[in-house]
Amino acid sequence: MDKIKIIGGNPLFGKVYISGAKNTALPIICAGLLTDEPVTIQNIPFLSDIKSLNALLLQLGTQIEEKTEERNGHLTQTITYHTPEPTSLIAPYDYVRKMRASYYVLGPLLAKYGHVELSLPGGCAIGARPMDIHLTSLEQMGAHIEIKNGYVVADTAGRLKGAHITFHSASVGATCNILMAATLAEGTTVIENAAKEPEIADLIDILNKMGANIEGANTSTLTVHGVDKLHGVTHEIINDRIEAGSYAVAAAITKGRLELINVRAEHLQSPIDILRKTGVTVEPTDNGIIVDAQNATLVGQDIYTDYYPGFPTDLQAQFMALMCIANGAAMVTESIWENRFMHVPELMRMGANINVHGHASAIVRGVDKLSAAPVMSTDLRASFALILAGLVAEGETIVNRVYHLDRGYECLEEKFKAVGANIERIKEPD
Ligand code: UD1
């Protein structure tokens with residue numbers, strides 16, 4: 001397993017090109033299973049999660065053609081997915097356990113082929129991550145669902161049926177799965193309390209281009225009028241607001257100035273508000289934002305994670321790292337996941353002053369400086385938080401278990417090096 005070595009102390013200056021959004025690419029790639037025509041997706045990031053999903057799709061019989069091209073100032077992938085006839089309707093444990101968003105094959109395969117067997121992904125480091133909303137919603141649409149030997153076995157005699165569904169939580173995953181399933185259902189499906197994340201609007205965009213009839217994008221009530229058939233399209237996915245927010249914190253914590261290119265500021269309103277209150281200047285540009293903390297006196301701010309447009313849970317760890325060296329105290333409350341403070345003990349090993357209260361709240365009292373340490377991360381965003389701490393810590397920080405970062409941050413060391421960080425990957429034999 002590779003490691004990342006960082007020597008802290010360099011303020012970051014320059015430009016960072018933000019990549020295509022992982023959490024948009026994953027459902028959108030699976031939307032291609034809803035048609036037997038080719039679907040071409042542009043701006044796909046080079047990430048191990050994409051490779052894992054591609055491996056699953058190959059196993060289902062999807063033909064995949066990959067091309068590298070320069071788009072929006074940097075190298076991206078354009079991938080064509082074509083599933084004229086699946087060779088399997090089973091998503092095996094070995095694929096799903098590596099990448100839980102593999103569950104996005106559930107809605108499309110069931111809607112188009114009437115049968116699917118999906119290994120249950122189980123929980124992960126940040127929480128139990130149930131799938132009850134996905135499954136009960138499909139049952140409301142007429143599917144017969146059983147859990148057998150760790151698999152969801154779902155069948156439908158004929159087409160799924162439109163239904164009026166109210167989610168008990170505004171789940172991103174369930175919204176994507178049920179939206180995709182509903183496109184080919186008979187009649188109209190209404191989803192109440194749907195997720196409103198920008199990733200959902202992008203999924204709706206491609207589905208409508210494929211011939212679906214979905215109303216209500218960017219609202220919590222989605223109406224899907226089922227159609228008989230969808231067709232192939234070409235679609236460019238949006239850029240990654242979480243990657244952008246992560247590099248925005250890198251500018252802030254190092255008291256540097258970064259121009260983040262390929263960012264839609266409106267997707268980051270809540271994190272930008274917090275950065276500004278912390279004392280950092282954030283200015284929009286034509287295609288991004290400039291984050292400038294050169295003259296900032298950082299002041300701790302409370303953070304409460306919530307469904308979009310609230311503050312994203314996927315930026316909680318990174319902003320907590322920032323609060324560790326800001327003046328004063330900051331209360332960080334995690335409302336989405338029940339176990340998302342695993343970065344706290346590692347930040348404390350670097351000298352942070354944090355008290356966790358129960359599962360949901362932590363008080364961060366700012367310290368003057370952090371000190372380098374070997375640290376271990378437990379999930380993707382926590383890993384980035386430790387990199388951020390390493391960028392300002394005195395001495396040499398080693399972040400272990402880098403495979404988490406490779407799941408979600410494209411060309412991380414290259415992007416950091418290009419703006420002045422002293423960072424390198426230490427390759428370890430497998
Ligand atoms: C997605 C993101 C993840 C992000 C999360 C919340 C992807 C691949 N992952 O995860 O990075 O942290 O959104 O923004 O896009 N819930 C249920 N029952 C269900 C489904 C969810 O109770 O059937 C609950 C969860 O326990 C959690 C909340 O709903 O408390 C949100 O989960 P959800 O939005 O589904 O997260 P994911 O789609 O898995």
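Whatever comes next refers back to the structure up there.
Residues numbered from 1 in each chain as written. Predicted model: local features only at pLDDT ≥ 70, side-chain atom pairs only at ≥ 80, totals over all residues. Heavy atoms only, no water.

Q: Honestly, the pattern of salt bridges in this entry has me stumped. Any pointers?
A: Close approach of charged atoms allows side chains with opposite charge to pair. In the structure shown here, the tally under the stated rule is 20 salt bridges. Residue Asp-36 is joined to Lys-112 by a salt bridge in which the shortest nitrogen-to-oxygen separation is 3.9 Å. Here the residue Asp-36 occupies a position in the loop between helix 1 (22-31) and strand 3 (39-44), and Lys-112 occupies one in helix 4 (residues 106-113), the gap between them amounting to 76 residues. Since its relative accessible area comes to 30%, Asp-36 is described here as partly exposed. Across the pair Asp-292 and Arg-257 runs a salt bridge whose closest N-O atoms are separated by 3.7 Å. Linking Asp-292 in strand 17 (residues 288-292) with Arg-257 in strand 15 (residues 257-261), this pair joins segments that are 35 residues apart in sequence. For Arg-257, a relative accessible area of 34% corresponds to the partly exposed category. Look at the salt bridges and you will find they share partners, linking Asp-2, Asp-406, Glu-413, Arg-425 and Lys-427 into a network. (Salt bridge = Lys/Arg side-chain N within 4 Å of Asp/Glu carboxyl O. Helix = DSSP H or I, 4+ residues; strand = E, 2+ residues; numbered from the N terminus. Buried < 20%, exposed > 50% of the residue type's maximum accessible area, 1.4 Å probe, protein only.)

Q: I tried to follow the site of the ligand on my own but got confused; where do I start?
A: Lining the immediate surroundings of the ligand are 19 residues, of which Asp-132, Ser-171, Val-172, Asp-314 and Ile-336 lie closest. Here an oxygen atom of the ligand sits 3.3 Å away from a polar atom, N or O, in the side chain of Asn-23. One nitrogen or oxygen atom from the side chain of Trp-337 is found 3.0 Å from an oxygen atom belonging to the ligand. Protein contact buries 87% of the 740 Å² of open area that the ligand shows by itself. Elements supplying a minimum of two residues to the shell around the ligand: helix 5 (132-140) and helix 6 (172-183). The element that contributes the greatest number of residues to the shell around the ligand is helix 5, accounting for three residues. Broken down by class, the residue content of the shell around the ligand amounts to eight nonpolar, seven polar and four charged. For the shell around the ligand, the domains that each give at least three residues are domain 1 (3-19 + 239-426) and domain 2 (22-236). (Near = heavy atom within 4 Å. Polar contact = N/O pair within 3.5 Å; in protein donor to acceptor, adjacent residues only side chain to side chain. Areas by Shrake-Rupley, 256 points an atom, 1.4 Å probe, with all protein chains shown as cover. Nonpolar A, V, L, I, M, F, W, Y, C, P; charged D, E, K, R; others polar. Domains from an automatic or database assignment.)

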